[in-house]
Amino acid sequence: LLRKQLRLSPSLCRDIFIHDAFVVRYDARRQRYLPPHFDESTHSFVIALNTDYSGGGTYVHELGETLKPTVAGGMVSFCGGGLLHSGDPVG
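Residues numbered from 1 in each chain as written. Predicted model: local features only at pLDDT ≥ 70, side-chain atom pairs only at ≥ 80, totals over all residues. Heavy atoms only, no water.

Caption draft 1: Inspection of the overall build of the chain at higher detail. Each helix and strand in the chain was counted, giving two helices and six strands. Mapped in sequence order, the helices and strands of the chain form the string α-α-β-β-β-β-β-β. A buried classification covers 20% of the 91 residues belonging to the chain. A total accessible area of about 6,900 Å² is found for the chain, and carbon and sulfur atoms account for 55% of it. (Helix = DSSP H or I, 4+ residues; strand = E, 2+ residues; numbered from the N terminus. Buried < 20%, exposed > 50% of the residue type's maximum accessible area, 1.4 Å probe, protein only. Areas by Shrake-Rupley, 256 points an atom, 1.4 Å probe, with all protein chains shown as cover.)

As structure tokens, then:
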């Protein structure tokens, strides 16, 4: 999936590794959002574990848009180390 989405040749795929796995469970009463930040990676992936919530998503400041997977298991990827982004608050 990553090779196809990032248009990588098969020989480059062996050089892909996980730098950090950061799992967040957003909650309207506890962790509602993430402040603006840059990731310490070349590529970042957001995978929706469910869709039973309002709000949320990854706000990319340069685009002025919120990116959000539309189905559980759906993924959004971007250059997290190169784009200022934040987690929009959940309702």
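Caption draft 2: Inspection of the sheet that holds strand 3 (residues 58-60) at higher detail. Ordered by their spatial adjacency, four strands build an open sheet running 1-6-3-4, and the pairing between neighbours is antiparallel. Strands with a single pairing partner mark the edges of an open sheet, and in this sheet they are strand 1 (34-37) and strand 4 (65-67). Neighbouring strand axes in the sheet, compared pairwise and without regard to direction, differ in orientation by 20 degrees on average. Strand direction decides the pairing type here: strand 3 and strand 4, joined by three bridges, are antiparallel. Bridge pairing in strand 4 places V60 opposite E65. (Pairing = 2+ DSSP bridges. Axes fitted to C-alpha atoms, helices over the stretch in contact; angles between N-to-C directions.)

Caption draft 3: View of the environment of V23. In this fold, V23 is placed in the loop between helix 2 (10-13) and strand 1. On a C-alpha basis, the gap between V23 and V46 in space is 9.4 Å, while along the polypeptide they are 23 residues apart.

Caption draft 4: Quick look at a nonpolar patch on the surface. On the surface, V23, F45, I47 and L49 cluster together into a nonpolar patch covering about 440 Å² of accessible area. Among the structural elements, F45 can be located in strand 2 (residues 44-47). (Patch = residues over 30% accessible without salt bridge, like charges linked within 9 Å, V, L, I, M, F, W, Y side chains within 5 Å. Salt bridge = Lys/Arg side-chain N within 4 Å of Asp/Glu carboxyl O.)

Caption draft 5: Looking closely at the side chain of S86. The topology assignment puts S86 in strand 6 (residues 85-87). At 3.1 Å, the side chain of S86 forms a polar contact with the side chain of H61. Among all residues touching S86, those that are not within four sequence positions of it are L34, P35, P36, H37, G57, T58, Y59 and H61. (Polar contact = N/O pair within 3.5 Å; in protein donor to acceptor, adjacent residues only side chain to side chain. Contact = heavy atoms within 4.5 Å.)

Geometry only, nothing functional implied.
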